[in-house]
Amino acid sequence: MKRDLVSLGDWSTQEIWEVLELAAHLKREHRAGVRHDHILRGKTLAMVFQKPSLRTRVSFEVGMWQLGGYALYLGPEDIKLGQRETVEDVALNLSRYVDGIMARVFGHEVVEELARFATVPVINGLSDLLHPCQALADVLTIWEKKRRLSGLTLAFIGDGNNVANSLIEASAKLGMHFRIACPEGHEPNARIVAEARALGAEIAILRDPKEAAKDADVLYTDVWTSMGQEAQAELRRKKFQGYTVSLELLSFAKPDCLVMHCLPAHYGEEITYEAARSRNSVIFDQAENRLHAQKAVLALLLGGRS
Ligand code: CP
Ligand code: NVA
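Before going into details, it helps to say that this report is about the structure given with it.

Criteria and cut-off values
- Residues numbered from 1 in each chain as written.
- Chains lettered and ligands numbered in written order.
- Predicted model: local features only at pLDDT ≥ 70, side-chain atom pairs only at ≥ 80, totals over all residues.
- Heavy atoms only, no water.
- Helix = DSSP H or I, 4+ residues; strand = E, 2+ residues; numbered from the N terminus.
- Rg over C-alpha atoms; globule rule 2.2 N^0.38 Å.
- Buried < 20%, exposed > 50% of the residue type's maximum accessible area, 1.4 Å probe, protein only.
- Contact = heavy atoms within 4.5 Å.
- Areas by Shrake-Rupley, 256 points an atom, 1.4 Å probe, with all protein chains shown as cover.
- Lys, Arg positive; Asp, Glu negative; His and termini not counted.
- Charge placed at Lys NZ, Arg CZ, Asp CG, Glu CD.
- Pairing = 2+ DSSP bridges.
- Axes fitted to C-alpha atoms, helices over the stretch in contact; angles between N-to-C directions.
- Near = heavy atom within 4 Å.
- Polar contact = N/O pair within 3.5 Å; in protein donor to acceptor, adjacent residues only side chain to side chain.
- 1 Å grid on protein atoms, 1.4 Å probe; cavity = no way out; pocket = protein on both sides within 12 Å on 5 of 7 lines; lining within 4 Å.
- Sits in = over half its atoms within 2 Å of the grid points.
- Nonpolar A, V, L, I, M, F, W, Y, C, P; charged D, E, K, R; others polar.

**Considerations on the overall build of the protein**
Each helix and strand in the protein was counted, giving 13 helices and nine strands. By the compact-globule yardstick of 19 Å for 306 residues, the protein fits well, its C-alpha radius of gyration being 19 Å. Overall, the C-alpha framework of the protein stretches about 50 × 45 × 35 Å when taken along its three principal axes. Within the protein, the fraction of its 306 residues that count as buried is 58%. Counting contacts in the protein only where the partners sit at least 6 residues apart, residues at least 24 apart contribute 75% of the total. Looking at the protein as shown, the accessible area adds up to about 13100 Å², and 51% of this sits on carbon and sulfur atoms. Side chains of the protein give 37 positive and 40 negative charges; the mean places of these two sets differ by 4 Å.

If you want it as structure tokens, here you go:
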């Protein structure tokens with residue numbers, strides 16, 4: 001049976017820990033100069049993008065290379081997913097050529113449909129609803145810095161978007177407490193919040209960033225306007241005034257609080273440059289950990305070890 005990574009909600013706590021432990025192992029060995037190019041030798045990953053990317057594209061492409069495989073970039077203009085031919089036919093065709101598909105899409109149903117029809121594993125490289133690879137890299141980063149996850153409080157400041165939704169799913173599976181401070185109408189997905197609460201997770205939806213930041217172990221933020229929402233940018237800039245991770249907001253959190261951002265950042269909007277470059281910031285560790293976390297996912301899903 002093939003295994004996909006469409007949503008962390010579909011993965012068990014044990015499966016998530018399997019990725020984190022393998023990622024930490026691969027990272028340690030990689031830094032020590034150990035080569036891992038036997039793991040996916042001869043395997044190919046199709047990377048389908050409906051949206052732009054720096055980190056996702058580079059970390060998946062480099063990750064496949066380091067594991068001995070090959071990654072094929074298919075940009076928005078190449079296959080015109082769902083326009084030139086159906087998502088079902090794209091999934092069925094790609095499955096005859098490649099050993100895995102990573103897709104960055106607008107509608108979440110597109111990545112779900114790819115997973116349903118593909119006979120090879122499908123990895124969600126971001127949809128309008130979720131960003132599971134980001135959340136895996138983030139919890140790997142928190143685990144490295146804090147040596148634990150369970151019982152920590154992650155405070156998310158800003159939009160209840162794809163990154164926030166995946167962090168809620170990860171928090172629920174790993175025993176972290178999640179708080180968000182967001183303007184009305186920008187709450188995270190209600191079904192995801194309800195499912196996390198049903199697992200026993202503490203999820204708080206607040207309005208006041210200071211209340212959310214109070215004694216937090218992690219202060220996390222993301223852009224106010226996500227890809228695909230550009231027409232609302234001006235309106236969002238007004239609505240999200242005050243939802244900024246700054247050194248002042250950081251002073252409400254624990255002294256060793258981690259400042260996190262999935263990047264790209266809009267400095268001066270959701271985060272100040274000073275907060276992003278502060279001693280507490282781990283934003284580039286997060287970016288690096290995309291590589292290590294995804295190599296673990298690729299090894300487990302494409303390497304026949306699952
Ligand atoms: N964080 C992240 O997914 O970055 P990209 O959009 O550059 O891939
Ligand atoms: N929420 C952002 C994340 C980018 C990595 C977006 O969807 O554009």
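**Focus on the sheet that holds strand β1 (residues 44–49)**
Pairing within the open sheet is parallel, and its four strands lie in the order β2-β1-β3-β4. The outermost strands of the open sheet, each flanked by one partner alone, are β2 (70–74) and β4 (122–124). Sheet twist, expressed as the average angle between the axes of neighbouring strands with direction ignored, equals 20 degrees. Where β1 lies against β2, five bridges are found, and the strand directions are parallel. Bridged to V48 within β2 is L74.

**Considerations on the site of ligand 2**
The immediate surroundings of ligand 2 are formed by L126, N161, N162, D222, V223, S226, M227 and L263. Contact distances for ligand 2 include 2.7 Å between a nitrogen atom and a side-chain N or O atom of S226. When ligand 2 is considered free in solution it has 270 Å² of accessible area, and contact with the protein chains removes 96% of it. If you map ligand 2 onto the pockets, it falls in the largest pocket. For the shell around ligand 2, a count of residues per class yields four nonpolar, three polar and one charged.

**A few points about the site of ligand 1**
Around ligand 1, the neighbouring residues are S53, L54, R55, T56, R104, H131, Q134, C262, L263 and R290. Measuring from an oxygen atom of ligand 1, one finds a side-chain N or O atom of S53 at 2.7 Å. Measuring from an oxygen atom of ligand 1, one finds a side-chain N or O atom of R55 at 2.8 Å. The site holding ligand 1 turns out to be the largest pocket. When grouped by side-chain class, the residues that make up the shell around ligand 1 number three nonpolar, four polar and three charged.

All we've got here are geometric facts, nothing functional implied.
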